[in-house]
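Observations on the three-dimensional arrangement
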Amino acid sequence: MTHMIYVVPSLKAKEKLQSEGKAWAESQGFTYVLRHQRTIQDLTDEYGEDFLVYSSRGPQIDRPEGSHFFSLNMAELRIQNLRKGQCDHLLEALMGMKEREGRTPESLSCEGEGDRSRWKGSSEPPITVLDCTCGFGADAAVASFGLPAGARVDALEVSPLLEAVTSWGFSHFVHKKDDVTAALRRISLRRGDYRDYLLSDEEPVYDVLYFDPMFQRPVEASCQFQPVRAIMEHGGLTRDLIERALQKARRRVVIKERDFRQLCRDFPEVTLYGGKYSRIGYAVLECDSWKK
């Protein structure tokens with residue numbers, strides 16, 4: 001069943017921006033409608049949650065609680081840190097660095113910073129990654145920018161509105177640095193539920209499956225999530241789904257979390273990545289270890 005989405009221009013949109021919004025809406029199979037000076041509350045009353053506002057920042061989710069449009073957010077700082085030769089724990093987790101270097105799960109600090117944290121032009125082999133919970137796209141952007149040359153990053157997002165905004169960003173957003181813009185263009189995002197993918201009969205395609213269940217249950221006080229809270233999918237990542245992910249990935253499964261206690265009980269072989277003072281970290285389950 002196709003999810004009907006309406007696209008309306010921003011209140012002060014000129015003819016050129018309106019034409020751009022109409023063309024984009026049609027390219028996505030959405031329905032473009034005129035604004036007629038309607039307020040966000042008016043649009044909400046008429047279309048419920050199923051509308052996007054097209055502005056100079058691209059499509060955005062406008063609600064009485066606030067607006068969400070594509071932005072690199074924290075990915076911007078992380079990319080800047082990578083340029084300085086600092087490590088990124090997500091990249092280390094996706095590459096399985098501890099497994100190959102014989103580092104213990106308790107070694108959570110970012111040691112040996114420098115060129116090892118970025119693999120551009122190195123001998124590290126490229127990997128294929130599926131970001132199963134793309135959300136705002138920050139982690140996919142960092143992965144596409146920082147992984148070895150030739151790496152492939154695909155992504156899934158179950159929310160039609162959020163997928164539309166993030167997909168627009170990957171394909172249209174222009175960064176002041178060409179290599180960041182190129183990294184965004186390399187990401188392939190499609191609408192879909194990772195549970196359907198995990199339960200499908202499709203053979204393993206990706207080296208790494210990445211999950212951010214934190215995005216599914218964000219901090220209540222986070223202003224960033226307020227405009228999208230009503231449209232977010234809150235399905236949890238159960239033990240059965242993690243086991244299925246280990247069958248679908250070719251190398252490893254990476255999970256972003258705040259609290260690893262239950263995960264460590266369910267999967268004692270887990271390896272943890274993260275900064276000593278960071279509130280979040282990454283759990284890595286190697287497929288080979290789990291299948292033994």
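Here goes a summary of the coordinates provided. Source: prediction; values computed, not measured.

Here the focus is the pattern of salt bridges. Scanning all chains against the criterion turns up 17 salt bridges. When salt bridges with common partners are traced through the structure, they connect R78, D88, D139, D212 and K256 into a single cluster.

What follows concerns the pairing of strand 10 (residues 252–257). The buried fraction of strand 10 amounts to 6 of the 6 residues, a majority that puts the element mostly inside the structure. Summarising the sheet, strand 9 (residues 208–211) and strand 10 pair through 4 bridges and their orientation is parallel. Note on strand 10: the bridge partner recorded for Y210 is V254.

The next thing to look at is the environment of D50. With respect to the element layout, D50 can be found in the loop between helix 2 (40–47) and strand 3 (51–55). Classification of D50 by relative accessible area gives partly exposed; the value is 27%. Along the primary structure D50 and I5 are separated by 45 residues, whereas in three dimensions their C-alpha atoms are 5.1 Å apart.

When you tally the buried positions in helix 6 (residues 138–146), you get 8 out of 9 residues, the bulk of the element. Among the residues making up helix 6, those that are buried are D139, A140, A141, V142, A143, S144, F145 and G146.

Let us look at the nonpolar core. With 51 residues, the main nonpolar core has W24, F30, L52, L94, L147, F170 and V254 as its most contacted residues. Examining the composition of this core, we find that 6 residues originate from one element, helix 7 (residues 160–172), more than from any other. With near-sequence residues (within four places) excluded, W24 lies in contact with V7, F30, L52, Y54, P59, A164, W168 and H172. L198, L241, L272 and L285 belong to the second-largest nonpolar core, a separate cluster that totals 25 residues.

Excluding glycine, most residues fall at negative phi; most peptide bonds, likewise, are trans. In the Ramachandran plot, H36 falls in the positive-phi region, its phi being about 55° despite a non-glycine side chain. Topologically, H36 is positioned in the loop between strand 2 (31–32) and helix 2. Although it is not a glycine, N73 adopts a positive phi angle of roughly 50°. As for its position among the elements, N73 is in the loop between strand 5 (66–69) and helix 3 (74–83).

The subject of this paragraph is the packing of aromatic side chains. By the definition in use, this model includes 9 aromatic pairs. Ring geometry for W24 versus F30: centroids 5.6 Å apart, planes at 70°, classification edge-to-face. The burial state of W24 is the same as that of F30; both residues are buried. Centroid distance Y194 to F211: 5.3 Å. Interplanar angle 75°. Geometry classified as edge-to-face. Of the two residues, Y194 sits in helix 9 (residues 194–199) while F211 sits in strand 9, which places them 17 residues apart along the sequence.

Once that is clear, we can look at the side chain of D62. Along the polypeptide, D62 turns up in strand 4 (residues 58–63). Among buried Asp, Glu, Lys and Arg side chains, D62 stands out as unpaired, with R35 the closest opposite charge at 5.7 Å. Polar side-chain contacts of D62 include one of 2.9 Å to the side chain of Q60. At a separation of 2.5 Å, a polar atom in the side chain of D62 contacts the side chain of S67. Dropping the residues within four chain positions of it, D62 is found in contact with I40, F51, V53 and S67.

As summarised here, the arrangement of the 5 strands in space is 2-1-3-4-5, forming an open sheet in which the pairing is mixed. Since the sheet does not close on itself, it has two edges, and those belong to strand 2 and strand 5, each with one partner. Pairing geometry for strand 1 (residues 6–9) and strand 2, over 2 bridges, is parallel. Bridging across to strand 2, V7 finds its partner in Y32. Along the sheet face, helix 2 touches strand 1, strand 3 and strand 4 and points at about 145° away from the line of strand 3.

Moving on: the pairing of strand 4. Within strand 4, 6 of the 6 residues are buried, which leaves it mostly tucked inside the rest of the structure. As consecutive antiparallel partners, strand 3 and strand 4 are separated by 2 residues. Two strands pair when backbone bridges link them, and strand 4 and strand 5 are joined in this way by 4 bridges, in the antiparallel orientation. Of the residues in strand 5, the one forming a bridge with D62 is S67. The antiparallel hairpin formed by strand 4 and strand 5 contains 2 residues in its connecting segment.

Further remarks concern the sheet that holds strand 11 (residues 271–273). The strand order 8-7-6-9-10-12-11 describes an open sheet built from 7 strands, whose pairing is mixed. The strands lining the two open edges of the sheet, one partner per strand, are strand 8 (188–191) and strand 11. Put simply, the sheet's adjacent strands are angled 20° from each other on average, direction ignored. In the packing of helix 6 onto the sheet, the strands contacted are strand 6 (128–131), strand 7 (152–157), strand 9, strand 10 and strand 12 (281–286), and the crossing angle to strand 7 comes to about 170°. Set on the sheet, helix 7 makes contact with strand 7 and strand 8; between it and strand 8 the angle comes to about 165°.

Thresholds applied
Residues numbered from 1 in each chain as written. Predicted model: local features only at pLDDT ≥ 70, side-chain atom pairs only at ≥ 80, totals over all residues. Heavy atoms only, no water. Salt bridge = Lys/Arg side-chain N within 4 Å of Asp/Glu carboxyl O. Buried < 20%, exposed > 50% of the residue type's maximum accessible area, 1.4 Å probe, protein only. Helix = DSSP H or I, 4+ residues; strand = E, 2+ residues; numbered from the N terminus. Pairing = 2+ DSSP bridges. Core = buried A, V, L, I, M, F, W, Y, C linked by side-chain atoms within 4.5 Å. Contact = heavy atoms within 4.5 Å. Phe/Tyr/Trp six-rings, centres within 6.5 Å; stacked < 30°, edge-to-face > 60°. Lys, Arg positive; Asp, Glu negative; His and termini not counted. Polar contact = N/O pair within 3.5 Å; in protein donor to acceptor, adjacent residues only side chain to side chain. Axes fitted to C-alpha atoms, helices over the stretch in contact; angles between N-to-C directions.

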